[in-house]
Amino acid sequence: MKAFYLLIVGMISSFNTSAKDYFDDAEQVTPLLSGMTIPVFSALTPEGKTVTFDPENLNKPFVLTFYRGGWCPYCNAHLGEMREVEKELIAMGFDVFFISPDQPSFLIESLKDQDLKADMHYQLLSDASMEISKAFKIAFKVDDTTVEKYKKWNIDLEKASGHDHHLLPAPATFVVGKDGVIQFQYVNPDYKIRLAPEILQVVAKDYLKRTQ
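Below is a summary of the structure that appears in this document.

Where helix 2 (residues 73-91) contacts helix 7 (residues 197-211), the axes come no closer than 9 Å and their chain directions differ by 15°. As summarised for this structure, helix 2 and helix 7 are arranged roughly parallel, according to the angle between their axes. For the crossing formed where helix 2 meets helix 7, the hand is right-handed. Residues Glu81, Met82, Val85, Glu88 and Leu89 of helix 2 pack against Pro197, Leu200, Gln201, Ala204 and Lys205 of helix 7.

What follows covers the pattern of salt bridges. According to the stated counting rule, one finds seven salt bridges in the structure shown. Of the charged contacts in the structure, one is a salt bridge between Asp95 and Lys60, with a shortest N-O distance of 3.8 Å. Note that Asp95 is positioned in strand 4 (residues 95-100) and Lys60 in the loop between strand 2 (50-53) and strand 3 (62-66), a separation of 35 residues in sequence. Lys205 is the salt-bridge partner of Glu88, the closest N and O atoms lying 3.6 Å from each other. On the criterion of sequence distance, the pair formed by Glu88 in helix 2 and Lys205 in helix 7 is long-range, its members being 117 residues apart. Residue classification places Lys205 among the partly exposed positions, given a relative accessible area of 41%. A network of salt bridges, in which partner residues are shared, links Asp21, Glu131 and Lys134.

Scoring rules and cut-offs
Residues numbered from 1 in each chain as written. Predicted model: local features only at pLDDT ≥ 70, side-chain atom pairs only at ≥ 80, totals over all residues. Heavy atoms only, no water. Axes fitted to C-alpha atoms, helices over the stretch in contact; angles between N-to-C directions. Helix = DSSP H or I, 4+ residues; strand = E, 2+ residues; numbered from the N terminus. Parallel < 35°, antiparallel > 145°, perpendicular 65-115°, else oblique. Left-handed = near helix turned anticlockwise from the far one by under 90°. Contact = heavy atoms within 4.5 Å. Salt bridge = Lys/Arg side-chain N within 4 Å of Asp/Glu carboxyl O. Buried < 20%, exposed > 50% of the residue type's maximum accessible area, 1.4 Å probe, protein only.

In short, shape yes, function no, at least from these values alone.
The following block contains the structure:
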């Protein structure tokens, strides 16, 4: 009986240590949900400075949007759409961050939209290692066929991130309260569909009404 118990424990231990912290497809992601507290995490700015998020030590509520990278035209379009709502969110007392797998030096350089580069007010952050996306349960691995297809389109995931993990985040937006609790989350495995700025405005206003 003892030998059987040790065998079961060993199998469970082996399973836990081999469990992946990312998904094989964007359709499989199971993101953190509203009501959950965010993990402590740190990200880098384009200048290489560290920004730390601690749910027990936040100065403001914030909006965190995960995007695939400056090479992605759909991400560029979404950043452009968010330009006006960002100003309103900041006026309402929110911090607004956009985070991608691009390494710090690529955050602004890789943006395809020249207007965004010329009028950059966003707080861009780097999750090059993809540890933050993993913590938010939205990291997935790009299959080898797609990686090679991207290269034919002059998209080099390894060059962009500085890593060979071939991981991307499912595009997502999280609204996090000052207490570190997620108030709203939108995640769509279809990278062509993003959260409408108007919906984000409504969510932010509703949060303020409930907390003031």
